[in-house]
Amino acid sequence: MKKVTAFVGSARKQHTYNAVCKFLSSLQSFGDVEYEIVRLSECNLVTCRGCKLCLDKGEEFCQFKDDRDLLLGKMMASDGVVFASPNYSFQVSAIMKKFLDRLGFVFHRPRFFGKAFTSIVVQGIYGGPKIVEYLDFVGDNLGFNVVKGSCITSLEPIPDEVQRKNNRILEEQSIRFYDRLSQPSYPVPTLFKLMIFRMSRTAIARMLNESYCDYTYYRDKGWFESNYFYPVRLNPLKKIAGNLFDYTTARSIKK
Ligand SMILES: Cc1cc2nc3c(=O)[nH]c(=O)nc-3n(C[C@H](O)[C@H](O)[C@H](O)COP(=O)(O)O)c2cc1C
């Protein structure tokens, strides 16, 4: 049984919510999947004040107690996660953005490895595909295995042809997502991802110390010594490249 949680960033139970329902019921038709839909508009999420305590000292130092940890727990307990948002002024909705800002510290201390992620954006006319790219980038940086998201169009009245196209897009996306849910979930990183990991971990090891929680997080996970965020076998070329990324980063910091 795979567990999927969808986070919906629209206050209405309309097109974004319906698209998520369509996606999830199609997903369920392929196998044993249980799901939960979380409407972010019904959650208690404060607006980040930018004190950066979560980044520097630890998320437990945030002065606000809202549903952040509850929602993080739901993500952690899922095999797959969906972020869905309407296109508001060429971006995600404010409700979704508030949620993403509350997760900001996870970009420093990623944790959702082995889990699948995808996004659904609903637009009236245009601008949605860029938001899909943005949400997929967010998912990637939280540590998820990202399945390319999709954008559907909801300008009313929705012609039958557009509705059929929307349904087809969501169905195809659910097939890709189900595939990812069923596959081994710890892929070998691309050279680019390997570079980002090695440069970050070397910079953190050299520039920070035990008083920074990014440092202790990386140290406790064994990331100062590991090949990557999770155990992977690197081919000889990537092994050499990884060492080179560590070496050049360390050298540039020494100077
Ligand atoms: C404040 C606001 C801003 C919007 N901005 C855009 C936009 O920039 N581009 C677009 O194509 N649609 C835009 N829309 C249309 C919504 O994306 C569209 O109506 C969508 O279906 C809303 O999702 P919902 O049905 O789940 O509420 C906007 C709607 C609102 C209310």
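Residues numbered from 1 in each chain as written. Predicted model: local features only at pLDDT ≥ 70, side-chain atom pairs only at ≥ 80, totals over all residues. Heavy atoms only, no water.

## Concerning the pairing of strand E4 (residues 116-123)
Okay, so step 1: Taken across its 8 residues, E4 has 8 buried, putting it largely inside the fold.
Okay, so step 2: With burial as the criterion, each face of E4 is covered, one bearing Ala116, Thr118, Ile120 and Val122 and the other bearing Phe117, Ser119, Val121 and Gln123.
Okay, so step 3: When strand E3 (residues 80-86) meets E4, the two strands line up parallel, connected through 7 bridges. Bridge pairing links Ser85 to Val121 in E4.
Okay, so step 4: Alignment of E4 against strand E6 (residues 150-153), held across 4 bridges, turns out to be parallel. Looking at the pairing, Ile120 lines up with Ser150 of E6. (Buried < 20%, exposed > 50% of the residue type's maximum accessible area, 1.4 Å probe, protein only. Helix = DSSP H or I, 4+ residues; strand = E, 2+ residues; numbered from the N terminus. Pairing = 2+ DSSP bridges.)

## Details of the pattern of salt bridges
Okay, so step 1: Under the counting rule described, the total for this entry stands at 15 salt bridges.
Okay, so step 2: The partner of Lys74 in a salt bridge is Glu36, and the shortest N-O contact between them spans 2.9 Å. You can see Lys74 sitting in helix H3 (residues 68-76) and its partner Glu36 sitting in strand E2 (residues 33-39), a full 38 residues away along the chain.
Okay, so step 3: A relative accessible area of 24% places Lys74 in the partly exposed class.
Okay, so step 4: A residue is classified by how much of its surface remains accessible, and Glu36, at 26% relative accessible area, is partly exposed. (Salt bridge = Lys/Arg side-chain N within 4 Å of Asp/Glu carboxyl O.)

## What to know about the site of the ligand
Okay, so step 1: Surveying the vicinity of the ligand reveals 16 residues, the closest of which are Arg12, Thr16, Asn87, Ile125 and Ser154.
Okay, so step 2: A distance of 2.7 Å separates an oxygen atom of the ligand from a polar atom in the backbone of Asn87.
Okay, so step 3: In this structure, Ser89 approaches the ligand through a main-chain N or O atom, which is 2.8 Å from a nitrogen atom.
Okay, so step 4: When the ligand sits alone it has 630 Å² of accessible area, and the protein chains cover 71% of it. (Near = heavy atom within 4 Å. Polar contact = N/O pair within 3.5 Å; in protein donor to acceptor, adjacent residues only side chain to side chain. Areas by Shrake-Rupley, 256 points an atom, 1.4 Å probe, with all protein chains shown as cover.)

## Details of the nonpolar core
Okay, so step 1: Phe7, Leu40, Leu71, Met75, Phe83, Phe99 and Leu142 are the most contacted members of the largest nonpolar core, which totals 28 residues.
Okay, so step 2: Contributions of two or more residues to this core are made by H3, E3, helix H4 (94-102), helix H5 (104-108), E4 and helix H6 (128-142).
Okay, so step 3: A total of 5 residues in this core trace back to one element, the largest contributor, which is H6.
Okay, so step 4: Counting 19 residues, the second-largest nonpolar core is a separate cluster that includes Val4, Leu27, Ala116 and Leu181. (Core = buried A, V, L, I, M, F, W, Y, C linked by side-chain atoms within 4.5 Å.)

## Things to note about the environment of Thr249
Okay, so step 1: Residue placement: Thr249 occurs in helix H10 (residues 236-254).
Okay, so step 2: On the accessibility criterion, Thr249 (8% relative accessible area) is buried.
Okay, so step 3: For the pair Thr249 and Val138, spaced 111 residues apart in sequence, the C-alpha separation works out to 25 Å.
Okay, so step 4: In this structure Thr249 touches Met199, Thr202 and Ala203, once residues within four positions along its chain are discounted. (Contact = heavy atoms within 4.5 Å.)

## Considerations on the domain arrangement of the chain
Okay, so step 1: Its domain assignment divides the chain into domain 1 (2-182) and domain 2 (191-254).
Okay, so step 2: Centre-to-centre, using C-alpha coordinates, domain 1 lies 29 Å away from domain 2.
Okay, so step 3: Buried surface at the junction of domain 1 and domain 2, both sides included, amounts to about 850 Å², of which 57% is carbon and sulfur.
Okay, so step 4: Its largest share of buried area at the contact with domain 2, domain 1 owes to Asp56, Arg109 and Phe113, together 50% of the area lost on that side.
Okay, so step 5: The partner of Asp140 in a salt bridge is Lys193, with the nearest N and O atoms 2.6 Å apart.
Okay, so step 6: Scanning the region where domain 1 abuts domain 2 turns up 6 residue pairs in polar contact (both at pLDDT 80 or more).
Okay, so step 7: Examining the composition of the side of domain 1 that touches domain 2, we find that 3 residues originate from one element, helix H2 (residues 53-56), more than from any other.
Okay, so step 8: Broken down by class, the residue content of the side of domain 1 that touches domain 2 amounts to 4 nonpolar, 2 polar and 5 charged. (Domains from an automatic or database assignment. Buried area = accessible area lost by both parts, 1.4 Å probe. Nonpolar A, V, L, I, M, F, W, Y, C, P; charged D, E, K, R; others polar.)

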